[in-house]
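So the chains spell out like this:
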Amino acid sequence: MSKQVVILGAGEIGQAIGKVLGENKQVVQFWDKDPDRVPNQQSLESLIPSADILFLCIPSFAIRPAVSDLLGLLAKDTVIICLAKSIESETKLTMDEVLMDILPEGQPFAILSGPLLGEELESGAGGVAVVASKDSLARDSASNLFANSTIAVETTDDIHGAALCGVVKNIYAMGVGAAYGLGWGDNKKGWLAGKSMSEMIFIVEALGGRIETVHGASGFGDFIATGFSDFSGHHAFGVQLAKGIDCKRNKEGCLALPSIMEMLGNKTKNLPLLQALHRAITQGDSISASLDSVLYG
């Protein structure tokens, strides 16, 4: 049975999700703050009240204001699915916590994570989505939405762990991109991947997520796709950083890095790679020297 799906944000990932769902015989409508992206765009007032599923394919900093503006339009059983992967800088809340803070009690919502590179979804190569929610309705609704599509679905009730994985995998993916930019061989890149995964486990567990979530598609799976793919913006950022190109530090991983450091406090002493990435990305140190300091001690 087809659902009324509204996708808020007609950027790359929003369009890719919409294409997969459209091919899967779902009724998909877009809304974007830039109306040029959506020809004949309808108003939110006409779209939101009838939506069965609402995808939030917008940056993390826009989640709170966007959802707050929609509260008077949402039906109580509309399932909210958030794809943003960062930390709200002012509150240090993950995206699941932001949604819990602003949505009405009982509103079903989920985090969608996993290896979902937009270019591969657009080309029909497929992907793996992890639907994370404490609400079984939200998990079932999203799973059914993608049934028989090119996106395979896994589910978990560890929504906080999945949200944390989405944040930290972006941070470490930038390190892998830097290794490519520095011309590292596979031996050293293999070491870096292993070190990244070890620190990801420590961080997610320290901040309240479950280890098995890190081991799955929303953790290691997404890290590998994001860190090693030429399609990944965080990979590209790392490559540019290593080559000394002046790049805008507006990636979700860059924005979340100071917050993660603050949230971990003195536990960062156990995370030398995270410290090295923080020095290079937010304080301007050499990424080559920073990574070498961890590799060679």
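Residues numbered from 1 in each chain as written. Predicted model: local features only at pLDDT ≥ 70, side-chain atom pairs only at ≥ 80, totals over all residues. Heavy atoms only, no water.

1. A word on the environment of Val28
Note that Val28 resides in strand β2 (residues 27-31). Counting along the chain gives 25 residues from Val28 to Lys3, while the straight-line C-alpha distance between them is 8.3 Å. Residue contacts for Val28: discarding those within four places in its chain leaves Val5, Ile7, Gly18, Leu21 and Gly22. (Helix = DSSP H or I, 4+ residues; strand = E, 2+ residues; numbered from the N terminus. Contact = heavy atoms within 4.5 Å.)

2. Re the packing of aromatic side chains
Geometry of an aromatic ring pair is reported as the spacing of the ring centres plus the angle between the planes. All told, the structure shown has four aromatic pairs when counted by the stated rule. Relative to Phe146, the ring of Phe55 has its centre 6.3 Å away and its plane inclined at 75°; by these criteria the two rings are edge-to-face. Taken together, the residues span a long stretch of sequence, with Phe55 in strand β3 (residues 53-56) and Phe146 in helix α6 (residues 136-146) at a distance of 91 residues. No difference in accessibility class separates Phe55 from Phe146, as the two residues are buried. Here the aromatic rings of Phe223 and Phe228 are separated by 6.5 Å at their centres, their planes lie at 80°, and the arrangement is edge-to-face. (Phe/Tyr/Trp six-rings, centres within 6.5 Å; stacked < 30°, edge-to-face > 60°. Buried < 20%, exposed > 50% of the residue type's maximum accessible area, 1.4 Å probe, protein only.)

3. Some remarks on the nonpolar core
Soluble globular proteins tend to pack their nonpolar side chains together in the buried interior. Within the largest apolar cluster, 40 residues are counted, with the highest numbers of intra-cluster contacts made by Tyr172, Ile260 and Leu274. Mapped by element, the contributors of at least two residues to this core are α7 (159-181), α8 (186-206), α10 (217-228), α11 (233-242), α12 (252-264), α13 (272-282) and α14 (287-295). Among the elements that make up this core, the one with the highest residue count is α7 (ten residues). Apart from the residues lying within four places of it in its own chain, the contact partners of Leu274 are Ile171, Tyr172, Glu199, Ile203, Leu257, Ile260, Met261 and Leu264. Formed by 28 residues, the second largest nonpolar core is a distinct cluster that contains Ile48, Ile58, Ala84 and Leu103. (Core = buried A, V, L, I, M, F, W, Y, C linked by side-chain atoms within 4.5 Å.)

4. So, the sheet that holds β2
Taken in spatial order, the seven strands line up as β2-β1-β3-β4-β7-β8-β9 in an open sheet, and their pairing is mixed. This sheet does not close on itself; its edge strands, each paired only once, are β2 and β9 (151-156). Along the sheet, successive strands turn relative to each other by an average axial angle of 25°, direction set aside. Along the sheet face, helix α1 (residues 12-23) touches β1 (4-8), β2, β3, β7 (109-113) and β9 and points at about 165° away from the line of β2. Along the sheet face, helix α3 (residues 63-70) touches β1, β3 and β4 (79-82) and points at about 155° away from the line of β3. (Pairing = 2+ DSSP bridges. Axes fitted to C-alpha atoms, helices over the stretch in contact; angles between N-to-C directions.)

5. So, the side chain of Glu252
When you line up the elements, Glu252 lands in helix α12. One buried charged residue, Glu252, remains without a salt bridge, the closest side chain of opposite sign being Lys85 at 9.5 Å. Only 2.8 Å separates the side chain of Glu252 from the side chain of Ser60, close enough to count as a polar contact. (Lys, Arg positive; Asp, Glu negative; His and termini not counted. Salt bridge = Lys/Arg side-chain N within 4 Å of Asp/Glu carboxyl O. Polar contact = N/O pair within 3.5 Å; in protein donor to acceptor, adjacent residues only side chain to side chain.)

6. Examining the pattern of salt bridges
Enumeration over the complete set of coordinates arrives at eleven salt bridges. One salt bridge in this structure joins Glu88 and Arg64, with 2.7 Å as the shortest N-O distance. With Glu88 in strand β5 (residues 87-88) and Arg64 in helix α3, the pair connects residues that are 24 residues apart, well separated along the chain. Asp186 serves as the salt-bridge partner of Lys189, at 3.6 Å between the closest nitrogen and oxygen.

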